Amino acid sequence: MIFTLVLILIGALLLLVIGINVIQQQKERAEAERRTELARQRAIIDETENVLSCTGMFPCSTNLVLILYKRVQEALSQSVTLGGPQSADYQRRLTDLTGQIESLQNAQKQNPAIESFRLPDTDKQILDLVKVLKKLKAILRAEHNKGKVDPNTFAQEEARVDSLQLRINVDSMLSRARTACFMKQYGSSKQMVTKALATLHTIKALTPNDPFITKKVDEAKLLLDEIMGAQKQAQPNAPQQKSEEDDIDVLFQPKKKW
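Residues numbered from 1 in each chain as written. Predicted model: local features only at pLDDT ≥ 70, side-chain atom pairs only at ≥ 80, totals over all residues. Heavy atoms only, no water.

## Quick notes on the overall build of the protein chain
Selection rule: Labels follow the DSSP assignment, with helices taken as runs of H or I lasting at least four residues and strands as runs of E lasting at least two, numbered in each case from the N terminus. Burial status follows relative accessibility: with a 1.4 Å probe on protein chains alone, a residue under 20% of its type maximum counts as buried, one over 50% as exposed, and anything between as partly exposed. The contact criterion used is simple: two residues touch if any of their non-hydrogen atoms lie within 4.5 Å. For every accessible area listed, the method is Shrake-Rupley and the probe measures 1.4 Å; residues are considered covered only by the protein chains on display.
From N to C terminus, the protein chain includes eight helices and zero strands. Counting across all 258 residues of the protein chain, residues that qualify as buried make up 31%. Taking as baseline every contact in the protein chain between residues at least 6 positions apart, the subset at least 24 positions apart corresponds to 74%. Per element, the accessible surface of the protein chain, about 17300 Å² overall, is 57% carbon and sulfur.

## Re the environment of Q231
On the secondary structure map, Q231 appears in helix α7 (residues 211-234). Discounting chain neighbours no more than four positions away, the residues touching Q231 are Y186 and K190.

## Some thoughts on the packing of helix α1 (residues 2-53) against helix α4 (residues 123-145)
Note the following rule: Simply put, an axis is a line fit to the C-alpha atoms, just over the touching stretch for a helix, and the angle between two N-to-C directions goes from 0 to 180 degrees. The scheme is simple: roughly parallel for angles under 35 degrees, roughly antiparallel for over 145, roughly perpendicular for 65 to 115, oblique for anything else. Handedness of a crossing is defined here by the sense of rotation of the near helix relative to the far one, left-handed for an anticlockwise turn of less than a right angle and right-handed for a clockwise turn.
The N-to-C vectors of α1 and α4 enclose an angle of 125°; their axes lie 10 Å apart at closest approach. Classified by the angle their axes make, α1 and α4 are oblique. The chirality of how α1 crosses α4 is left-handed. The residues of α4 that touch α1, namely those facing E47, T48, N50 and V51, are V132, K135, L136 and I139.

Listed below in structure tokens is the structure:
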């Protein structure tokens, strides 16, 4: 009888130990998932705030700013729910951001014209802007897929981003073409202008009434004429230079003995 009780107690202890281990593993798994999700929300906050900090580089509508603000708001709310040492800081930021969203929603909506956009001065700034617009487009699509952005707003804002990317691409090619022409690299210059024209004609077929496209097509054609003219002016000097070089070769070549 005593032996049976001992076996029962040992079995009960084993079950207790196994149960405690299972509970501990579940807690560790839940904590690991919480940390992973918290890191994901933090990455969303950092990425979106980085894009928001660059909205001064291009014409940005009120709707687009609201989309970005609400994305940060949702990530902050999730972070507060998940808890952690930064929960109080997230709660404070969430309160401030909610107030900003309410103020922006009550204010008059702004939709700056894309025609006011000007290409940044340095190559680094242009590269940074290209990266920001790429991230912005990905954020727009992600929020639209989650049902956070209505179809009309999504179509309008994506079209604005596409138009900005087009302007940067075309302006960059034309700017590089002018620099190459100034350096008398006429082949490279002509190639870049031709590429810019091909891009413009492709887009013009889709949006024939866009004044930017018409303006840039005329600008590219004028630049191409300038490059062709400069190339023609440089060519007549080549035969003369070659003739002078031939005369020098004849003068200094070894004398023939008869």
